[in-house]
Amino acid sequence: MFFNKVLEGLPDPIFGLGEMFRADVRENKIDLVVGIYKDEELRMQLMPSVKKAKEQILTQDLAVDYLPIDGLRSFCDEIGRLAFGDERWKVHHGRIYAAQTLGGTGSLQIGTAFLAQEISKEAVLSNPTWANHSAIFQRAGCKTSFYPYYSKVLHGIDLEVLFAFLKTLPEKTIVLLHEVCHNPTGCDFSQEQWRALSLLMQKHKLIPFFDCAYHGLGDGLDLDRLGLEIFLDDGHEMIVSYSCSKNFSLYCQRVGALFIVGENAAIKMRVGSQVKRIIRSLYSNPPAHGARIAAHVLQEIDLKNN
Ligand SMILES: Cc1ncc(COP(=O)(O)O)c(C=O)c1O
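As a starting point, this report considers the structure included with it. None of the values given here were measured: they were computed from a predicted structure. (Residues numbered from 1 in each chain as written. Predicted model: local features only at pLDDT ≥ 70, side-chain atom pairs only at ≥ 80, totals over all residues. Heavy atoms only, no water.)

**Side note on the sheet that holds strand β9 (residues 256–261)**
- Strands sit in the order β1-β9-β8-β7-β6-β2-β3 across an open sheet of seven strands; the sheet is mixed. Looking along the sheet, the strands with just one partner apiece sit at the ends: β1 (96–101) and β3 (143–148). Pairs of neighbouring strands in the sheet enclose a mean axial angle of 20°, with direction left out of account.
- Strand direction decides the pairing type here: strand β2 (residues 122–127) and strand β6 (residues 174–178), joined by two bridges, are parallel. Note that in β6 the partner of V124 across the bridge is V175. (Pairing = 2+ DSSP bridges. Helix = DSSP H or I, 4+ residues; strand = E, 2+ residues; numbered from the N terminus. Axes fitted to C-alpha atoms, helices over the stretch in contact; angles between N-to-C directions.)

**A word on the pattern of salt bridges**
- Inspection of the entire model under this criterion finds 13 salt bridges.
- Close ionic contact of E122 with K143 constitutes a salt bridge, the shortest N to O distance being 3.5 Å. Residue E122 is located in strand β2, and its partner K143 is located in strand β3; the two are separated by 21 residues in the primary sequence.
- By relative accessible area, E122 is classed as partly exposed at 33%.
- Across the salt bridge formed by E192 and R195, the nearest N and O atoms sit 3.8 Å from each other. (Salt bridge = Lys/Arg side-chain N within 4 Å of Asp/Glu carboxyl O. Buried < 20%, exposed > 50% of the residue type's maximum accessible area, 1.4 Å probe, protein only.)

**Here we look at the pairing of strand β8 (residues 238–243)**
- Among the six residues in β8, six count as buried, and that is most of the element.
- Of the two faces of β8, the one holding M238, V240 and Y242 and the one holding I239, S241 and S243 are both buried throughout.
- With four bridges connecting them, strand β7 (residues 207–212) and β8 associate as parallel partners. The residue bridging F210 from the neighbouring strand is V240, located in β8.
- Here β8 runs beside β9; their pairing, made up of six bridges, is antiparallel. Paired with M238 across the strands is V261, a residue of β9.

**A look at the site of the ligand**
- In the vicinity of the ligand lie 13 residues, with T105, D211, S243, S245 and K246 positioned nearest.
- Here an oxygen atom of the ligand and a side-chain polar atom of S243 are 2.7 Å apart.
- The separation between an oxygen atom of the ligand and a polar side-chain atom of R254 is 2.7 Å.
- Compared with its free state, where it exposes 390 Å², the ligand has 91% of that area covered by protein.
- In terms of residue count, helix α5 (residues 103–118) provides more of the shell around the ligand than any other element does, four residues in total.
- For the shell around the ligand, a count of residues per class yields four nonpolar, six polar and three charged. (Near = heavy atom within 4 Å. Polar contact = N/O pair within 3.5 Å; in protein donor to acceptor, adjacent residues only side chain to side chain. Areas by Shrake-Rupley, 256 points an atom, 1.4 Å probe, with all protein chains shown as cover. Nonpolar A, V, L, I, M, F, W, Y, C, P; charged D, E, K, R; others polar.)

**What about the packing of helix α2 (residues 48–58) against helix α12 (residues 289–299)?**
- It is the contact of α2 with α12, at a shortest axis distance of 9 Å, that shows an interaxial angle of 115°. The orientation of α2 with respect to α12, classified from their angle, is roughly perpendicular. For the pair α2 and α12, the crossing hand works out as right-handed. Packed against α2, whose contacting residues are S49, V50, A53, K54, Q56, I57 and L58, the element α12 presents H289, R292, I293, H296 and V297 at the interface.
- For the contact of α2 with α12, a count of residues per class yields six nonpolar, four polar and two charged. (Parallel < 35°, antiparallel > 145°, perpendicular 65-115°, else oblique. Left-handed = near helix turned anticlockwise from the far one by under 90°. Contact = heavy atoms within 4.5 Å.)

**Structural notes on the side chain of D211**
- Tracing the backbone shows D211 in strand β7.
- Here D211 sits buried without a salt bridge, and the closest side chain of opposite charge, K246, lies 9.0 Å off (N-O distance).
- In terms of polar contacts, D211 uses its side chain to reach the side chain of H133, at 2.8 Å.
- Apart from residues lying up to four places away in sequence, D211 is in contact with L108, H133, L176, L177, H178, E179 and S241. (Lys, Arg positive; Asp, Glu negative; His and termini not counted.)

**Some remarks on the packing of aromatic side chains**
- Applying the stated rule across the entire model yields 11 aromatic pairs.
- On the basis of an interplanar angle of 65° and a centroid distance of 5.8 Å, the ring pair of F137 and F209 is categorised as edge-to-face. Here F137, found in helix α6 (residues 132–139), pairs with F209, found in strand β7; they are 72 residues apart in sequence, far enough to count as distant. The pair F137 / F209 is uniform in exposure class, with both members buried.
- Between the aromatic rings of Y149 and F189, the centroid separation amounts to 5.6 Å while the plane-to-plane angle is 90°, which identifies the pairing as edge-to-face. In this pair, Y149 sits in the loop between β3 and β4 (150–151) while F189 sits in the loop between β6 and α8 (191–203), placing the two residues 40 residues apart along the sequence. For the residue pair Y149 and F189, the accessibility class agrees, reading buried in each case.
- Here the aromatic residues Y147, Y149, F189, W194, F210 and F231 are joined through ring pairs into a cluster of three or more.
- Across from the ring centre of F21, 4.5 Å away, lies the NZ or CZ of K29, which sits over that ring. (Phe/Tyr/Trp six-rings, centres within 6.5 Å; stacked < 30°, edge-to-face > 60°. Lys NZ or Arg CZ within 6 Å of the ring centre and 35° of its normal.)

Here it is in structure tokens:
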């Protein structure tokens, strides 16, 4: 009566493939779907430090009331230090608003909703990119198009073509950047390329939106954040979306963070007030368990170093 005109939606390109794989009865099938960290034997492992943190937290008598709208403060601070590096976090955290989110996807959603509401509804994504990026931006009401990224001829980034394209964009266009382990090409900017990109984006007043879904899984925690550091040092206002799914193997706990880097503490407060309004109307506040695990790992030096 009400729902008989609902049309069937297309399956998700990544999760849909997983479902097809599980349904396939052939014995010699191989799962090559990306997005989950596996060992040499293709087994998904819970990292030992995360396992220990999980066990230790379960013995604590922790509060069961709601978390604040933007999540656990100790988690946001610890992930801030991890994402931006200790020194830069110390210097800049006064102007960086941070919220705990439902994984990296939740962070992308909230960041995009905030930008669409306050600043811009034009976004460009790399060609190619993670299959969910377009859907996230479009759901927020953004117009999306693609910037040239991977060149099949060069087997790498064609910087000249990319830069020529970026120069044509209107001011305040959102440019979605993969921090490291570009999904799906695996092809990342070098330090020099990040520097040149930062200057160009600053000159043309483009909004950097970093998607950090694989921090630590490229060349290590320090080298993987080079681009982010360069943009921060150059004084950009920007959005940073951080996922703890892969680097903490906390996939199903849905743990991530959103950072919005403003010019000063007053802007941070106002930005935070708008983000909290968005979160409150969507899911009110995030769950505690996964964020407590991640914060515990980072607070306990033995777990952090392992
Ligand atoms: C590039 C990229 N961004 C974001 C995400 C989302 O991460 P999460 O699972 O934490 O929502 C993924 C997940 O595969 C990804 O590959």
